[in-house]
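# Geometric and topological summary
Okay, here's what each chain looks like letter by letter:
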Amino acid sequence: MRKIGYYRKSGELFLQNISLKKLADDYGTPTFIYDSKLIENSFYLLKNIMDPFNGKIHFAVKSNDNLGIIKYMNNLGAGADVVSIGELKRCLKVSVKPQDIIFSGVGKRKDEIEFAINQNIKQLNAESIEEIKDIIEISKDIKKKVNVALRVNLDINAKTHKKISTGDENSKFGIIYDEIVNAYKLLNEASFVNPYGLAVHVGSQLFDYEVFFQTFSKIKNLAFELKNLGFKVNHLDLGGGFGVDYAAENALNYKSFSKALNEVFKKKEFQISVEPGRSLIAESGVLLTKVIRTKSTNIKNFLIVDAAMNNLIRPTLYNAIHSIKPLKLKSDRSIRKYDVVGPICETGDFLGIDFNLQETKKNEVLAIMTCGAYGSVMRSNYNSRPSAAEVFIFDNKELLLRQREEIDQLLELDIIPNF
Ligand code: LLP
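Residues numbered from 1 in each chain as written. Predicted model: local features only at pLDDT ≥ 70, side-chain atom pairs only at ≥ 80, totals over all residues. Heavy atoms only, no water.

Right, let's get into the overall build of the chain. In terms of helices and strands, the chain carries 12 helices and 21 strands. On the principal axes, the C-alpha backbone points of the chain span a range of 75 × 65 × 40 Å. Considering the chain as a whole, with its 419 residues, one finds that 55% of them fall into the buried category. Counting only contacts in the chain whose residues sit at least 6 apart along the sequence, the fraction spanning at least 24 positions is 70%. Summing over all exposed atoms, the chain offers an accessible surface of approximately 19300 Å²; the carbon and sulfur share of this is 49%. Once the 58 positive and 51 negative side-chain charges of the chain are each reduced to a mean point, those two points are 4 Å apart. (Helix = DSSP H or I, 4+ residues; strand = E, 2+ residues; numbered from the N terminus. Buried < 20%, exposed > 50% of the residue type's maximum accessible area, 1.4 Å probe, protein only. Contact = heavy atoms within 4.5 Å. Areas by Shrake-Rupley, 256 points an atom, 1.4 Å probe, with all protein chains shown as cover. Lys, Arg positive; Asp, Glu negative; His and termini not counted. Charge placed at Lys NZ, Arg CZ, Asp CG, Glu CD.)

Okay, helix H8 (residues 209–228) next. When the terminal C-alpha atoms of H8 are compared, their 28 Å separation across 20 residues agrees well with the 28 Å that a helix rising 1.5 Å per residue should span. Buried within H8 are the following residues: Val-211, Phe-212, Thr-215, Phe-216, Ser-217, Ile-219, Lys-220, Leu-222, Ala-223 and Leu-226. Considering only its buried residues, H8 is in contact with strand E9 (146–153), helix H7 (177–189), strand E11 (193–199), strand E12 (235–237) and helix H9 (255–264). (Expected span 1.5 Å × (residues − 1).)

To continue, consider a negative patch on the surface. Residues Asp-155, Glu-169, Asp-178 and Glu-179 make up a contiguous surface patch of negative charge. With respect to the element layout, Glu-169 can be found in the loop between E9 and strand E10 (175–176). (Patch = residues over 30% accessible without salt bridge, like charges linked within 9 Å, V, L, I, M, F, W, Y side chains within 5 Å. Salt bridge = Lys/Arg side-chain N within 4 Å of Asp/Glu carboxyl O.)

What the three strands build is an open sheet, ordered E1-E2-E3; its pairing is antiparallel. The open sheet has two edge strands, strand E1 (6–9) and strand E3 (18–19), and neither has a second partner. Bridge analysis of strand E2 (residues 12–15) against E3 gives two bridges, and the strand direction is antiparallel. In the strand pairing of E3, Phe-14 is matched with Ser-19. (Pairing = 2+ DSSP bridges.)

Before going further, it helps to examine the pattern of salt bridges. Applying the stated rule across the entire model yields 18 salt bridges. Between Glu-398 and Lys-22 there is a salt bridge; the shortest N-O distance is 3.2 Å. Residue Glu-398 is located in strand E21 (residues 397–402), and its partner Lys-22 is located in helix H1 (residues 20–27); the two are separated by 376 residues in the primary sequence. Residue classification places Lys-22 among the partly exposed positions, given a relative accessible area of 39%. Lys-108 is the partner of Glu-131 in a salt bridge, and the nearest nitrogen-oxygen pair spans 2.6 Å. Separated by 23 residues along the polypeptide, Glu-131 in helix H6 (residues 129–142) and Lys-108 in the loop between strand E7 (101–103) and helix H5 (110–118) bring together distant segments of the chain. For Glu-131, a relative accessible area of 5% puts it in the buried group.

Dropping the structure here:
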């Protein structure tokens, strides 16, 4: 029996001591709910693995860029991994120290690089020879030192969904092995660059121990090759990607990662950091959505709900399966097979296909589970639909983290021409 997280009391779904039905009534739907305790639990599981290595955890802000979430992660002791000036500004706004921020990403613009250097962030992860040249030029122009690590492409098959696989030479990410020595030489010769080390991230939703083992072995060997050539390689950023099992009740474990880490690295051989997103936040979140109406064909039963692919795009984009639960289990209801679909005018607008659920009626609320990562942050306004509210449950109290968007706000940026 789990002691933390979402649980049932008299058939009703609760989080900490708050009923999700009450949250749906108070904040309306669709609304994302996050549990501080599940985040904390995941953070400390990873921290215990990293501590013997003196390792540092950088929360990948792309997985959930809500200011309250970034602040909470930072309060726990996580730094941040950002991929745009926008994410960097979010971190600075909630007082994440620049020395705790890594800037990754394959297409950093010159203005983004200049801003990051001026802020004295911990490290830029460069992803191409052209980017290194830009960094060298900018740092020289503004006469400011910057730590630069090279994100390497070790041509590793991450054994994950094609759209989130980043470690092989089909992908746009990282600098290939053949170019690394030359690239490191460039860093070494530049007067305003401090060659910082290597970074790698082979993909997201990694479960396979072999993938971690291969990645860590290869990056370690490469680091020693560079050291033998006389270069300074003190930091290794091992990326994120720790898999979350969306179908399981207990979604999270770091076993494969931890085993590979302990087998490959000696304690304190390098300064190690990781940059996970999903594993820290996915499990903490649910999306509450209300049934607008029900409908059946000869072969399907549909629950048409008020959340849609603009709120949670993972099911249609990656065929991700998020489990779906009724807020109240009722013993007199039979089980039926449902497609849970949104109101958007696309057949791809679904949240779950062929789910066995208790018979569900108009106006009843469902919880779509494990939505904390790559949920709200991937929202859009397609079909002129406002984004959902976000609520954080902390110490048995509810804190609104993001207001529901108003239709009027959606119209604000368009300019009506004077035809
Ligand atoms: N570091 C880098 C360089 C990354 O590109 C990513 C994710 C991470 C860290 C964090 O990975 P995580 O620990 O969250 O797996 N929208 C997709 C996931 C895209 C991941 C992109 N990069 C999804 O919903 O599955």
